[in-house]
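Okay, here's what each chain looks like letter by letter:
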Amino acid sequence: MKVGIALVISLAILIGGIFWGKGYRLSSSRYTIHVVFNGVGGMEEGANVMANGVVKGRVKNIEFREGSVLVTATLDNDVKIFSDYMITIE
């Protein structure tokens, strides 16, 4: 019985650690942005979106359109995008 309880607790901690490490959240308020690039240089769906070096979102979709690439990403609500911001791929 003790071994079973210890195993269940260990699995819960492992799964929770994986979710925390990957940045998954059960309930977070986010909004969607669409950005057009000339090329994405190996970017993949699920890649982190960073603001000032802090992970604040994820790339949800990448589409090729008429010689450019449309990237759809979600950002945390606390990230404010202003018209003079420059969005880059690193």
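What you see is a predicted model, and the numbers here were worked out from it, not measured in a lab.

So, how was this worked out
- Residues numbered from 1 in each chain as written.
- Predicted model: local features only at pLDDT ≥ 70, side-chain atom pairs only at ≥ 80, totals over all residues.
- Heavy atoms only, no water.
- Helix = DSSP H or I, 4+ residues; strand = E, 2+ residues; numbered from the N terminus.
- Buried < 20%, exposed > 50% of the residue type's maximum accessible area, 1.4 Å probe, protein only.
- 1 Å grid on protein atoms, 1.4 Å probe; cavity = no way out; pocket = protein on both sides within 12 Å on 5 of 7 lines; lining within 4 Å.
- Points joined across faces, edges and corners; volume = space filled by probe spheres on them.
- Nonpolar A, V, L, I, M, F, W, Y, C, P; charged D, E, K, R; others polar.
- pLDDT = per-residue confidence, 0-100.
- Core = buried A, V, L, I, M, F, W, Y, C linked by side-chain atoms within 4.5 Å.
- Pairing = 2+ DSSP bridges.
- Axes fitted to C-alpha atoms, helices over the stretch in contact; angles between N-to-C directions.

Caption draft 1: Broad picture of unusual backbone geometry. Backbone geometry places Asn52, a non-glycine residue, at a positive phi of 55 degrees. Summarising the element assignment, Asn52 is placed in the loop between strand E2 (48-51) and strand E3 (54-65). Positive phi is not limited to glycine here, since Glu66 has a value of about 40 degrees. By the secondary structure assignment, Glu66 is in the loop between E3 and strand E4 (68-76). The exposed category is assigned to Glu66, whose relative accessible area is 85%.

Caption draft 2: Expanded view of the layout of surface pockets. Space inside the largest pocket adds up to approximately 760 Å³. Forming the boundary of the largest pocket are 27 residues, of which Val49, Met50, Ala51, Ile87 and Thr88 lie nearest the centre. Across the lining of the largest pocket, the residue classes break down as 19 nonpolar, five polar and three charged.

Caption draft 3: Spotlight on the confidence of the model for the protein chain. Residue-level pLDDT values for the protein chain average 86, and 93% of them are 70 or greater. No element of the protein chain has a lower mean pLDDT than E2, which averages 86, and none a higher one than E4, which averages 91.

Caption draft 4: Main features of the nonpolar core. Counting 12 residues, the largest nonpolar core is built from Ile33, Val35, Phe37, Val40, Val49, Val59, Ile62, Val69, Val71, Ala73, Leu75 and Val79. Contributing elements (two or more residues each) for this core: strand E1 (30-37), E3 and E4. In terms of residues, this core owes the most to one element, E4, which gives four residues.

Caption draft 5: Summary view of the sheet that holds E3. Ordered in space as E1-E4-E3-E2, the four strands form an open sheet in which the pairing is antiparallel. At either end of the open sheet lies a strand with only one pairing partner, and these are E1 and E2. Taking each pair of neighbouring strands and ignoring which way they run, the sheet shows an average axis angle of 35 degrees. The pairing of E1 with E4 spans eight bridges and is classified as antiparallel. If you follow Val36 over to E4, its bridge partner there is Leu70.

Caption draft 6: Spotlight on the pairing of E3. Bridge analysis of E2 against E3 gives four bridges, and the strand direction is antiparallel. Within E3, the position partnered with Val49 by the bridge is Gly57. Between the antiparallel neighbours E2 and E3 lie two residues, among them Asn52 with a positive phi of about 55 degrees. Where E3 meets E4, eight bridges bridge the pair, whose relative direction is antiparallel. Directly across from Glu63, in E4, lies its bridge partner Leu70. In this antiparallel pair of consecutive strands, E3 and E4, the connection spans two residues, and Glu66 shows a positive phi of 40 degrees.

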